[in-house]
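If you want the building blocks of each chain, they are given just below.
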Amino acid sequence: MNEYFKKYELISFVLFLISCTAVFADGLLMLFRGLYLIGGVAIIVFTIKAMAILNKSKVKKVLLVIAQLVGYVILYILWLIIYLSFFWTGVFGPG
């Protein structure tokens, strides 16, 4: 594997983990509402840069980018379900 591919994939994954843990810092992030948007755009940019380095056809690169971003969305939804079921004190939460 290309060293830059690994670097960009790692950066994309770390940004995804930061976006998952951002729900715990909700009060702080209310000051910076644009952080979610900036983080999402950064994840997309680094995913595209990582896939652009691969020696694949353009169609396969596009499909790989779409697959990875859909995977991130599914993982984020699962994370929110876990977060809401354990930590949310609303109507559907524990308590």
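Data block above holds the structure.
First, a word on scope: everything that follows refers to the structure included in this document.

1. Notes on helix α4 (residues 58–87)
Think of an α-helix as turning once every 3.6 residues; residues three or four places apart then point the same way. For α4, spanning 30 residues, the distance from its first C-alpha to its last is 43 Å, which sits close to the expected 44 Å at 1.5 Å a residue. Along α4, the residues that are buried comprise Val65, Gln68, Tyr72 and Tyr83.

2. Details of a nonpolar patch on the surface
Taken together, the side chains of Val59, Val62, Leu63, Ile66, Val70, Val73, Ile74, Leu75, Ile77, Leu78 and Ile81 present a nonpolar region at the surface, about 1000 Å² in accessible area. Along the polypeptide, isoleucine 74 turns up in helix α4. On the accessibility criterion, isoleucine 74 (46% relative accessible area) is partly exposed.

3. A closer look at the nonpolar core
Nonpolar side chains in soluble globular proteins tend to end up buried together. In this structure, Phe5, Tyr8, Ala50, Met51, Leu54 and Val65 together form the largest nonpolar core, which totals six residues. For this core, the secondary-structure elements that each account for two or more residues are α1 (3–21) and α3 (34–53). Residues in contact with alanine 50, not counting those within four places in the same chain, are Phe5, Tyr8 and Glu9.

4. Considerations on the packing of aromatic side chains
Each aromatic ring pair is specified by the distance between its two centres and by the angle formed by the two planes. Within this structure, the stated rule accounts for three aromatic pairs. Taken together, a centroid distance of 6.4 Å and an interplanar angle of 35° make the contact between phenylalanine 13 and phenylalanine 16 tilted. Of this pair, phenylalanine 13 and phenylalanine 16 both sit in helix α1, three residues apart, which is roughly one turn of the helix. Judged by relative accessible area, which is 37%, phenylalanine 13 ranks as partly exposed.

5. Some details on the packing of α1 against α4
At a minimum axis separation of 10 Å, α1 and α4 run at an interaxial angle of 25°. One finds that α1 runs roughly parallel with respect to α4. The interaxial crossing formed by α1 with α4 has right-handed handedness. For the pair formed by α1 and α4, the contact residues are Glu9, Ser12, Phe13, Phe16, Ser19, Cys20 and Thr21 on the first element and Gln68, Tyr72, Leu75, Tyr76 and Trp79 on the second. Classifying every residue of the contact of α1 with α4 gives seven nonpolar, four polar and one charged.

About the criteria used
Residues numbered from 1 in each chain as written. Predicted model: local features only at pLDDT ≥ 70, side-chain atom pairs only at ≥ 80, totals over all residues. Heavy atoms only, no water. Helix = DSSP H or I, 4+ residues; strand = E, 2+ residues; numbered from the N terminus. Expected span 1.5 Å × (residues − 1). Buried < 20%, exposed > 50% of the residue type's maximum accessible area, 1.4 Å probe, protein only. Patch = residues over 30% accessible without salt bridge, like charges linked within 9 Å, V, L, I, M, F, W, Y side chains within 5 Å. Areas by Shrake-Rupley, 256 points an atom, 1.4 Å probe, with all protein chains shown as cover. Salt bridge = Lys/Arg side-chain N within 4 Å of Asp/Glu carboxyl O. Core = buried A, V, L, I, M, F, W, Y, C linked by side-chain atoms within 4.5 Å. Contact = heavy atoms within 4.5 Å. Phe/Tyr/Trp six-rings, centres within 6.5 Å; stacked < 30°, edge-to-face > 60°. Axes fitted to C-alpha atoms, helices over the stretch in contact; angles between N-to-C directions. Parallel < 35°, antiparallel > 145°, perpendicular 65-115°, else oblique. Left-handed = near helix turned anticlockwise from the far one by under 90°. Nonpolar A, V, L, I, M, F, W, Y, C, P; charged D, E, K, R; others polar.

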